Amino acid sequence: MKVSKNTLRIAVALALLPHIYGQGRGGPPPTPKAAAPVDLTGYWVSVINEDWRFRMVPPAKGDYQSVPMNADGIKAADAWDPSKDEAAGEQCKYYGAAAIMRNPGILHITWQDDDTLRVEMDAGTQTRLLHFGNWKAPGGEPTWQGDSVAQWEMPRAGRGPGPPEKPKSGDLKAITTHMRAGYLRKNGVPYSANALLTEYYDVIQGVDGNPWLIVTGVVDDPTYLRTPFMTSSNFKKLPNGSEWDTTPCSARW
Amino acid sequence: MGYNSLFGEVVMEKRMTNNTALAVVSMALACGPAFAEMDLAGDWISYMHEDAMERGGGPFPVDYLGLPLNEQGRARALLYSASQIAMVERQCLYYTSVYLTGGPFGFKIWADTEPINGQTIALNISGTNDRAPIKIWMDGRPHPSKYAIHPIGGFATGIWEGDVLRVYMTHMKAGYLRRNGAPTSDQTTLTSHFIRHGDLLTVIAEIQDPVYLTEPIVISRNYRLGTNPIRPFDTPCIPGEEATRRPDTVPHYLPGKNPFIDEVSKLYNLPLEAVLGGAETLYPAYRKKLKPAYVPPEKCKSNCGYGGFTTGSSQ
């Protein structure tokens, strides 16, 4: 059998394709940690350019600006009494997953293992676990931080020229359920145990080259909200954890 | 044409065919999975779940909470009187492109495309009945000289970073960060990131001003893709005489004479230092300073929200 040189060239090139493109079809998929299109790890401090009066200090009872509460939500918020929360041991109601990013504080994000991103917050000394893959919730009583299932969102591949590349952008999407009922604001603006939290974690480069983490959160709660409550919280990357300052939950501060 | 000539052409054609095949494979190798940009076109509804009062009804006359003003910025803000809006030459200063995220409105985004090859030349953000439309040049053109005119919409260029649109805007007119006189200079730059997640759009605006700010302000706003069309163009702020005033005066408060200086401080039990803004007040550590003296007002008495509101943009 006579094989032309050009045919050989094509065959060699085709044989090389899987090697050039990385894993090929037979290899195991990368772990979520290895596949991360963006580095979320490190210390991040919240910068309060927005909603200062509702975040840096506890607002007055009855101050509900911006929150699309329904009548039941307003009724529940009007009944807010921090002393009752303290008596019930529920000082952490404003530190649950649906509100924790609005608390001024520092996030410390690390990989707990190849499939679990660990998000610690010094405000209220809370820890969230964002689970990738086929993680199954353990069940049991709802918790402040609920059950979070995460996935990377990558930009769709295009047809541009050039060698294969890792995505230049991408984000983490997390969906959290099974939360213990809590507050969207320190002054008793409620969310119920039926609430569903959808979050997007995006990293951008600031003008000075310092990364910023933007956490966009959408709280769906038909029990107390007329429409989903959407906020985005901005965090600036810190070089280290020297400013980390854990504080306990407080129903009043 | 002789036999050899004809044969030669056939051989050439075959070689070309083989070379074409090789080229196809080479192209397949070269066309790696580069990552594509995101379609941002559509009508985006604004949700006022943050800073609703500042963006909607308007801020208190002296409320610079959350703004990293420097001494000059603070001093200039305190000189401001809202009666300046009666001055034709100052009437539209609220509505520079900073108002994109500082105001309450949604917007339409659409592309200008090159008619032959379909390449995007520019993206447009619709104006409101105050703010002029914004054109974001996507064709790689440079920003104009620093001596060039500052048009009402500024000058903006954009690039894709993966599926995130990064926009850099310069040449804005001097104006205001908030509708209470907190100032921006004509050296202000605005760097924005447009990030789409399904039908949710987050716009992150980083405002730098070497004249009046000690550090950038970072604001992020959220929008939902709507189905009701927003008009691509509206009438931007057009100054006109709306009040009788002496033509030789500029309404203002002299230093130390602003009558509203302690209004927010008294209403919300906040230290004046915080109300007047400053970089230190933006960070969690500042809460330690606030804590010893702060007592929340017993009950909200005005501007309480009553469950908040959502604003669509139908202009």
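Quick caveat, the model's predicted, so the values are computed rather than measured. (Residues numbered from 1 in each chain as written. Chains lettered and ligands numbered in written order. Predicted model: local features only at pLDDT ≥ 70, side-chain atom pairs only at ≥ 80, totals over all residues.)

**Comments concerning the overall build of chain A**
Rule in force here: Runs of H or I in DSSP of at least four residues are treated as helices and runs of E of at least two as strands, each being numbered from the N terminus. Put plainly, a residue is buried at 20 or more neighbouring C-beta atoms within 10 Å of its own, exposed at 12 or fewer, and partly exposed in between, counting only other residues' C-beta atoms, which are placed from the backbone.
Secondary structure assignment for chain A yields five helices and 11 strands. Classification of the 253 residues of chain A by burial places 46% in the buried group.

**Focus: the overall build of chain B**
Heads up, the rule is: Throughout, a pair of residues is in contact if the C-beta atoms placed from their backbones lie within 7 Å.
Across its full length, chain B carries seven helices and 11 strands. Counting across all 315 residues of chain B, residues that qualify as buried make up 39%. Of the contacts made within chain B by residues no fewer than 6 positions apart, 64% connect residues no fewer than 24 positions apart.

**Examining helix α3 (residues 71–79) of chain B**
All names here are of chain B. To keep things clear, this is the line we draw: For this quantity, the arc is that covered by the directions from the helix axis to the C-beta atoms.
Here α3 has its buried residues at Gly73, Ala77 and Leu78. Along α3, the residues classed as buried sweep out an arc of 130° about the axis, all on the same side. Buried residues along α3 sit against β8 (183–184).

**So, the pairing of strand β10 (residues 211–220) of chain A**
All names here are of chain A. Note the following rule: Note on pairing: DSSP must find at least two bridges between two strands before they are called paired.
Along β10, eight of the 10 residues are buried, which leaves the element largely enclosed by surrounding structure. Counting the residues that bridge the hairpin from strand β9 (residues 196–205) to β10 gives five residues, and of these glycine 209 lies at a positive phi of roughly 90°. In the sheet, β10 pairs with strand β11 (residues 229–238) via eight bridges, with the strands oriented antiparallel. Counted as the bridge partner of valine 218 is methionine 230 from β11.

**Some thoughts on the sheet that holds β11 of chain A**
Residues and elements named next belong to chain A. Threshold: Axis geometry follows a simple rule: fit a line to the C-alpha atoms, using only the stretch in contact for helices, then measure angles between N-to-C directions, giving values from 0 to 180 degrees.
One closed barrel accounts for nine strands, arranged β1-β2-β3-β4-β5-β6-β9-β10-β11; its pairing is mixed. Adjacent strand axes in the sheet meet at a mean angle of 30° when their direction is disregarded. As paired strands, strand β1 (residues 42–46) and strand β2 (residues 106–113) are joined by four bridges and run antiparallel to one another. Its bridge partner lying in β2, glycine 42 is registered against isoleucine 109.

**A short note on the sheet that holds strand β3 (residues 120–125) of chain B**
Residues and elements named next belong to chain B. Read once around its circumference, the closed barrel built from nine strands follows the order β1-β2-β3-β4-β5-β6-β9-β10-β11, with strand pairing classed as mixed. Taking the axes of each pair of neighbouring strands and ignoring which way they run, one obtains an average angle of 30° across the sheet. Judged from the seven bridges that link them, strand β5 (residues 155–161) and strand β6 (residues 164–170) form a sheet pairing that is antiparallel. Each bridged residue has a counterpart across the sheet, and for glutamate 161 the counterpart in β6 is valine 164.

**Re unusual backbone geometry**
The backbone phi angle of histidine 178 of chain A is positive, close to 60°, even though this residue is not glycine. Along the chain, histidine 178 of chain A falls in the loop between β6 (171–177) and β7 (182–183). Classification of histidine 178 of chain A as partly exposed rests on a count of 19 C-beta atoms within 10 Å. Although it is not a glycine, asparagine 269 of chain B sits at a positive phi angle of roughly 60°. Turning to its location among the elements, asparagine 269 of chain B is positioned in the loop between α5 (263–268) and α6 (272–275). Residue asparagine 269 of chain B is classed as partly exposed on the basis of its 15 C-beta neighbours within 10 Å.

**Here we look at the nonpolar core**
Cut-off, in case you're wondering: Under the definition applied here, buried Ala, Val, Leu, Ile, Met, Phe, Trp, Tyr and Cys residues are grouped into a nonpolar core through C-beta atoms within 7 Å.
Residues Ala98, Leu184, Leu213 and Val219 of chain A are the most contacted members of the largest nonpolar core, which totals 121 residues. Ignoring anything within four residues of it in the chain, the contact list for leucine 213 of chain A reads Leu40, Trp44, Tyr201, Val203 and Phe235 of chain A.

**Thoughts on the pairing of β11 of chain A**
Residue and element names in this part refer to chain A. Where burial is concerned, most of β11 is hidden: eight out of the 10 residues are buried. As judged from the four bridges shared by β1 and β11, these two strands associate in the antiparallel manner. Its bridge partner being in β11, tyrosine 43 is matched across the sheet by leucine 238.

**Let's talk about helix α4 (residues 71–78) of chain A**
Residue and element names in this part refer to chain A. For α4, the full list of buried residues reads Gly73, Ile74, Ala76 and Ala77. One side of α4 holds all its buried residues, which, seen down the axis, span an arc of 165°. Facing away from the buried side of α4 by more than 90 degrees, the exposed set consists of Ala71, Lys75 and Asp78. Looking at the buried residues of α4, the elements they touch are β8 (190–191).

**Examining the environment of glutamine 187 of chain B**
Residues and elements named next belong to chain B. Mapped onto the elements of the fold, glutamine 187 is located in the loop between β8 and β9 (189–197). Looking at glutamine 187, the number of C-beta atoms within 10 Å reads 16, which means it is partly exposed. Distance in space between the C-alpha atoms of glutamine 187 and serine 126 is 24 Å, their sequence separation being 61 residues. Setting aside residues no more than four positions away along its own chain, glutamine 187 makes contact with Asp209, Pro210 and Val211.

**Notes on the confidence of the model for chain A**
Let me state the cut-off plainly: Confidence of the predictor in every single residue is expressed as pLDDT, which spans 0 to 100.
Confidence along chain A averages 90 in pLDDT terms, with 85% of residues attaining 70 or more. Across residues 10–24 of chain A, where pLDDT falls below 50, the model places 13 contacts with residues more than four positions away in sequence or in other chains.

**Looking at the environment of histidine 143 of chain B**
Residues and elements named next belong to chain B. With respect to the helices and strands, histidine 143 occurs in the loop between β4 (134–137) and β5. Judged by C-beta crowding, with 15 C-beta atoms within 10 Å, histidine 143 ranks as partly exposed. Note: C-alpha distance between histidine 143 and threonine 157 (14 residues apart in sequence) is 7.6 Å. When neighbours within four sequence positions are excluded, histidine 143 is seen to be in contact with Phe155, Thr157 and Thr170.

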